[in-house]
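What follows is each chain in one-letter form.
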Amino acid sequence: MRGPSFHPSPQEICVRFKCKPESPFTGCLCVSVCRTYSSMVSRVEHPAAGYKKIFETVEELNEAIPAEITGDIPSWLGGSLLRMGPGLFEVGDEPFHHLFDGQALMHKFDLKDGQVTYFRRFIRSDAYVRAMTEKRIVITEFGTAAYPDPCKNIFSRFFTYCRGIEVTDNCLVNIYPIGEDFYAVTETNYITKVDPDSLETLKKVDLCKYLSVNGVTAHPHRDTDGTVYNIGNCFGKNMSLAYNIIKIPPPQKDKSDQFEKSQVVVQLPSSERLKPSYVHSFGMTDNHFVFVEQPVKINLFKFLSAWGLRGATYMDCFESNETMGTLFHVATKDSGGYLSSHKFRTSAFNIFHHINTYEDEGFIVVDVCAWKGYDFVYNYLYMANIKQEWEEVKKAAMRAPQPEVRRYVLPLDIHREEQGKNLVSLSYTTATAVLNSDGTIWLEPEVLFSAPRQAFEFPQINYSRCCGKKYSFAYGLGLNHFIPDRIVKLNVQTKETWVWQEEECYPSEPVFVPTPGATEEDDGVLLSVVVKPGAERPGFLLVLDAMKLTELARAEVSTIIPVTLHGMYKP
Ligand SMILES: CCCCCCCCCCCCCCCC(=O)OC/C=C(C)/C=C/C=C(C)/C=C/C1=C(C)CCCC1(C)C
Ligand SMILES: [Fe+2]
């Protein structure tokens, strides 16, 4: 299998060994050893279906375990890679059905003095603790319904329903700092304070106590002073619907509670009554917020009524709007003004991750990981889909929306007399924006990367240097029919790509860590947790040179590490 799978295509050369494509695919150095090549497109097949292992339950660890290192870890790299993901995929004989349901497991690779250790603990959320105590799924998760306790009599079961549904606090999606504290998060109103050293669960915080939001994304933005911005749905009084952008200030001199000082800074109206769009991330430049209102909708009527129904889940409340296309909203950051005078529109796509957003010569450039069409991508992420045999996995992904990295360009200064013309005059992009007679602006993107069923997802950038600024490099996880099987670097200016890939290896989102004092944007390393199921030590922390995407080191442990979604590096 290995030869054909890893050989470069005729347009590519192997960056490590400079092998040229040969026909047939044999006898080339890169066939047996090359792990890096200069194309994004994967031709790797997974007939052994080793990826199933990353979706299986593991036990937490009582103490950190040592890793065996090969290669050289840069001496300046001392800190912790913290990551979140599902780690318990069933409770007794009750399975969690969706990828985003498993109970939150927090992972930590510690790097210190050339040594690496690995540790993991489950978050003691109410969802987890009660599942462990009652030995059943007690709290409804994203795609799995909790059923009432069969031991309770009919009256107490009735009252359980009448109390309404308990919103999940299963913080499996991400971890980030607020002030000096660290929070594991999902997308509901509950975030969980954790100790990043011991991985202990410290405190559950209900954001509804402080802010008018029903939940916030797991992808906040952070200013250099530590101010945290985020966006969430708000189902207000009289069913008024909005997307609220919130601001949590940095630690206060008087040590007062930051949450007490948090506030809604911008309110963006929902384009459809009773049906706000699902929001997973947003863009932030030095002066603006950008929110993309996608055709994946939360039907509030279903949301409020479905909870009374036996077996309903969050997934049951989503629906697609087949006619609205996709809307871009822009708001100013400082004065909290909403630029409502212009409506930016384009055709339908799903969006989960913004890559970066910046201002240039009076335009806002918005780079995103897009999935074409209005069909909800999460419909394809049920465990029953992604744990199938490889041929079935591929068949299911054929029907799903197709991924593409896109650049949209929004003009800020618009004049009525410019109707029908392309308003984008940036020299380096083919993206267009045309003013219509009804005052709306129709956007067409520039495609930065596209290959059938090969996604560039879970994007990362050199955040501290480039967030909100013109930049060159994005790093991402390559999904092959939804299976994560490579790490990719994309030059968003030239569209050049680099790939790290190894047979039977399943990596995670690559986290960029800059070299101290670096002058180049891509001077640093990428950290990714990789699973290699058949290996003697099947889990490892991979350290890549972010410039060349070549391996610097790996630190292997003798345990499988289940799939992780997002995380951070704590220096
Ligand atoms: C790492 C490899 C994974 C392998 C396959 C991945 C394929 C991915 C393809 C697309 C990219 C998608 C990225 C999504 C990443 C992610 O982490 O998503 C997790 C999201 C979760 C768990 C969302 C939970 C949201 C909830 C519980 C929302 C609840 C609510 C409503 C639905 C409406 C009312 C408000 C409320 C309660 C907040
Ligand atoms: Fe995400």
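Every value quoted in this text rests on a predicted model; they were computed, and no experiment measured them. (Residues numbered from 1 in each chain as written. Chains lettered and ligands numbered in written order. Predicted model: local features only at pLDDT ≥ 70, side-chain atom pairs only at ≥ 80, totals over all residues. Heavy atoms only, no water.)

**Quick notes on the site of ligand 1**
Next up, step 1: What surrounds ligand 1 is a group of 30 residues, the closest being F100, V173, E187, Y314 and F482.
Next up, step 2: Grouping the constituent residues of the shell around ligand 1 by class yields 21 nonpolar, seven polar and two charged. (Near = heavy atom within 4 Å. Nonpolar A, V, L, I, M, F, W, Y, C, P; charged D, E, K, R; others polar.)

**Things to note about helix α7 (residues 390–399)**
Next up, step 1: Of all the positions in α7, only W390, V393, K394, A396 and A397 are classed as buried. End-on, the buried residues of α7 take up no more than an arc of 165°, which puts them together on one face.
Next up, step 2: The elements touched by buried residues of α7 are α6 (383–386), β30 (473–480) and β31 (483–491). (Buried < 20%, exposed > 50% of the residue type's maximum accessible area, 1.4 Å probe, protein only. Helix = DSSP H or I, 4+ residues; strand = E, 2+ residues; numbered from the N terminus. Arc of directions from axis to C-beta. Contact = heavy atoms within 4.5 Å.)

**Here's the deal with the side chain of D101**
Next up, step 1: With respect to the element layout, D101 can be found in the loop between β6 (94–95) and β7 (103–112).
Next up, step 2: Although buried, D101 forms no salt bridge, and the nearest oppositely charged side chain, K387, lies 13 Å from it.
Next up, step 3: Here the side chain of D101 touches H98 through a polar contact of 2.8 Å, landing on its backbone nitrogen.
Next up, step 4: Here the side chain of D101 touches G143 through a polar contact of 2.7 Å, landing on its backbone nitrogen.
Next up, step 5: In contact with D101, other than residues within four places in its own chain, are F96, E141, F142, G143, T144, N170 and L172. (Lys, Arg positive; Asp, Glu negative; His and termini not counted. Salt bridge = Lys/Arg side-chain N within 4 Å of Asp/Glu carboxyl O. Polar contact = N/O pair within 3.5 Å; in protein donor to acceptor, adjacent residues only side chain to side chain.)

**Let's talk about the coordination of the iron ion (ligand 2)**
Next up, step 1: Around the iron ion (ligand 2), the protein contributes the donor atoms H219 (NE2), H280 (NE2), H353 (NE2) and H566 (NE2), which lie 2.0 to 2.1 Å from the metal centre.
Next up, step 2: In this structure, the iron ion (ligand 2) is surrounded by four donor atoms whose angles at the metal cover 94 to 153°, and the resulting shape is irregular. (Donors = N, O, S within 2.8 Å, 3.2 Å for Na, K, Ca; no water. Tetrahedral: all angles 85-135°; square planar, octahedral: opposite > 155°, others 65-115°.)

**Re the UniProt feature "binding site: Fe cation" (unreviewed entry) in the chain**
Next up, step 1: Sequence positions flagged by UniProt for "binding site: Fe cation" (unreviewed entry) are, in local numbering, H219, H280, H353 and H566. Taking the farthest pair of C-alpha atoms as the criterion, the annotated set spanning 348 residues converges on one region, since that pair is 12.5 Å apart.
Next up, step 2: Turning to its location among the elements, H280 is positioned in the loop between β16 (263–269) and β17 (283–284).
Next up, step 3: With a relative accessible area of 6%, H280 lands in the buried category.
Next up, step 4: If sequence neighbours within four positions are ignored, H280 has contacts with E187, T217, A218, H219, F352, H353, Y378 and H566.
Next up, step 5: At 2.6 Å, the side chain of H280 and the side chain of E187 are in polar contact.
Next up, step 6: With respect to the helices and strands, the residue H353 is situated in strand β23 (residues 349–360).
Next up, step 7: Exposure remark for H353: the relative accessible area of 6% places this residue in the buried category.
Next up, step 8: What H353 contacts, discounting residues up to four positions off in sequence, is H219, H280, S281, V368, C369, E457, F458, P459 and H566. (UniProt positions renumbered as here; feature names shortened; annotations may be inferred.)

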